[in-house]
Amino acid sequence: MLASRALMEFLRPRPIRVQPYFGYRSQHRLTISVRALRSKQATFAGKGRWQALRTMMAQFASPEVPELPITLEIRSPSGETTRHEAHTNSEGFAHFDLDLSGGWPLPRHTSWEKVSLEWDNRDGSQKVDGNVLVPGSEESLGIISDIDDTIIETGITGGLRSVLRNLNRVLAQLPDDRIAVPGADVFYGALGGGAVATGSQSAPGTRIDATHRPFFYVSSSPWNLFSYLVAFQRTRKLPLGPLLLRDWGLDRETLGKSSHGTHKRAAIDDILATFPDMRFALIGDDTQGDLTAYGAVVADHPGRIAAVFIRTAGEEMTAEEVAAVQVIEESGTHLWLGNTYEIGQDFLADVGLAHDEDAAHIVETIEKLDVSAEQDATGSAEARRA
């Protein structure tokens, strides 16, 4: 009897869990997405290929829960609490896109605001915190960054073979084992002002300081990698921000090279529409069509893009990329192309903030960190010789 009960419990589906993704809001709009799954909360402890394989397979094999009612609770800066309900779709996703009637004031400095999500499973009523990024009223510049080969090395150059090769790397390596793009932590940390944790339990409406300038990440990676990528960002002390990923399958529509640019373009357009009073710097690389996509953004949103930064992998530019460079340069938008993030004083000119004291401080910080790193390297070499 005991053995039978144990077997039945083992075969029972896991309780329903809701995974909130990072949202964002302006004065007039709040958007956040979630996914209902039958899985444990992702953890990336442990070492070794088999541990990584077990952990990552769980991320991709988690059963989705359709038609689940989920309630979002938010609190306005004036203290008014409202509740909103959505149902998950066939892939387990629920999307909240709310009109903030009357306009919600922005905090002075960029902040994370807490929201609450509620649902029922076999254990009763459940609740989890969500995090919504709110750019500060004093911030005039935001950052929109790619992920693959911009902050994390993947080696993807488009096409099924390279995507599957990177998928094998994801399954075999936990976040601590992945290689960060050299210099990304220093450059992004100085630009944003440092990464801030968002995991504390708080009431809806509670604010937590975020990076000085708001960061948004756009990527063609699947939503299954959300927790993985956030864990990677935390371990590398990269600024946190909403990750705009994709729901995808192993088909031509998902894996085709053109689809990367299409997804990123749509995500960037949404951010620009949500924050019409802000300008943005776009950061990407030349392996997945970022330059072409960013050129189209510059052309269609005159004056909204302060600068475009493209990390180059050394491959020859395509005709489309050459045309994008011409569009960006003719628009007067600052363009930087290079294979490292050692930008130094050129940063001011490229971003167009030559008279911005805060930007000057960022460059100072980068240069001091570069000098410190050189001294550490020299000291380590001398110690080894000794």
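Throughout what follows, the structure given in this document is the object of discussion. (Residues numbered from 1 in each chain as written. Predicted model: local features only at pLDDT ≥ 70, side-chain atom pairs only at ≥ 80, totals over all residues. Heavy atoms only, no water.)

On to the packing of aromatic side chains. Scanning the model with the defined rule gives twelve aromatic pairs in all. Plain terms: the ring middles of Phe22 and Phe226 are 5.3 Å apart, the flat faces sit at 75° to each other, and that makes the pair edge-to-face. A residue pair is termed long-range when its members are at least 10 positions apart, and Phe22 in the loop between β1 (17-20) and β2 (23-25) and Phe226 in helix α5 (residues 226-235) qualify at 204 residues. Given a relative accessible area of 10%, Phe22 falls into the buried group. (Phe/Tyr/Trp six-rings, centres within 6.5 Å; stacked < 30°, edge-to-face > 60°. Helix = DSSP H or I, 4+ residues; strand = E, 2+ residues; numbered from the N terminus. Buried < 20%, exposed > 50% of the residue type's maximum accessible area, 1.4 Å probe, protein only.)

A word on the sheet that holds strand β13 (residues 279-285). Reading across the sheet, the six strands line up as β12-β11-β9-β13-β14-β15 and stay open at both edges, with parallel pairing between neighbours. Only two strands of the sheet have a single partner each, and these edge strands are β12 (243-246) and β15 (334-338). Here the average twist between neighbouring strands, direction ignored, is 15°. Examined bridge by bridge, strand β9 (residues 141-145) and strand β11 (residues 215-222) share three bridges and lie parallel to one another. Each residue of the ladder has a partner; that of Ser145, found in β11, is Tyr217. On top of the sheet, α5 reaches β11 and β12; it is set at about 145° to β12, its chief contact. (Pairing = 2+ DSSP bridges. Axes fitted to C-alpha atoms, helices over the stretch in contact; angles between N-to-C directions. Contact = heavy atoms within 4.5 Å.)

Before going further, it helps to examine the pairing of strand β14 (residues 305-311). Counting buried residues in β14 gives seven out of seven residues, a clear majority hidden from the surface. Where β13 and β14 come together, six bridges link them in parallel fashion. Residue pairing in the sheet places Ile283 in a bridge with Phe309 of β14.

Right, let's talk about the nonpolar core for a bit. Judged by nonpolar contacts, the single largest core of 60 residues is most densely connected at Ile151, Tyr188, Leu243, Phe280 and Val308. By size, the runner-up hydrophobic cluster in this structure holds 22 residues, among which are Ile32, Phe96, Leu100 and Val132. (Core = buried A, V, L, I, M, F, W, Y, C linked by side-chain atoms within 4.5 Å.)

Let us now look at the pattern of salt bridges. Within this structure, the stated rule accounts for 14 salt bridges. Salt-bridge contacts for Lys264 lead to Asp146; the nearest nitrogen and oxygen are separated by 3.0 Å. Taken together, the residues Lys264 in helix α7 (residues 257-274) and Asp146 in the loop between β9 and α3 (160-172) connect sequence positions 118 residues apart. In this structure, Lys264 and Asp146 share a single accessibility class: buried. Note that Arg265 is salt-bridged to Asp269, the shortest N-O span being 3.1 Å. Here Arg265 and its partner Asp269 are both found in helix α7, four residues apart, which amounts to about one turn of the helix. (Salt bridge = Lys/Arg side-chain N within 4 Å of Asp/Glu carboxyl O.)

Further remarks concern unusual backbone geometry. The phi angle at Glu67 is positive, at roughly 55°, despite the residue not being glycine. In this structure, Glu67 sits in the loop between α2 (49-61) and β4 (69-75). Its identity as a non-glycine residue notwithstanding, Lys237 has a phi of 55°, on the positive side. Its location among the elements puts Lys237 in the loop between α5 and β12.

Owing to a relative accessible area of 0%, Asp146 belongs among the buried residues under this scheme. A distance of 3.0 Å separates a polar atom in the side chain of Asp146 from a polar atom in the side chain of Lys264. If we ignore the near neighbours within four places in the chain, the residues touching Asp146 are Ile151, Tyr217, Val218, Ser219, Lys264, Ile283, Gly284, Asp285, Asp290 and Tyr294. (Polar contact = N/O pair within 3.5 Å; in protein donor to acceptor, adjacent residues only side chain to side chain.)

No statement about biological role is implied by the geometric values presented.
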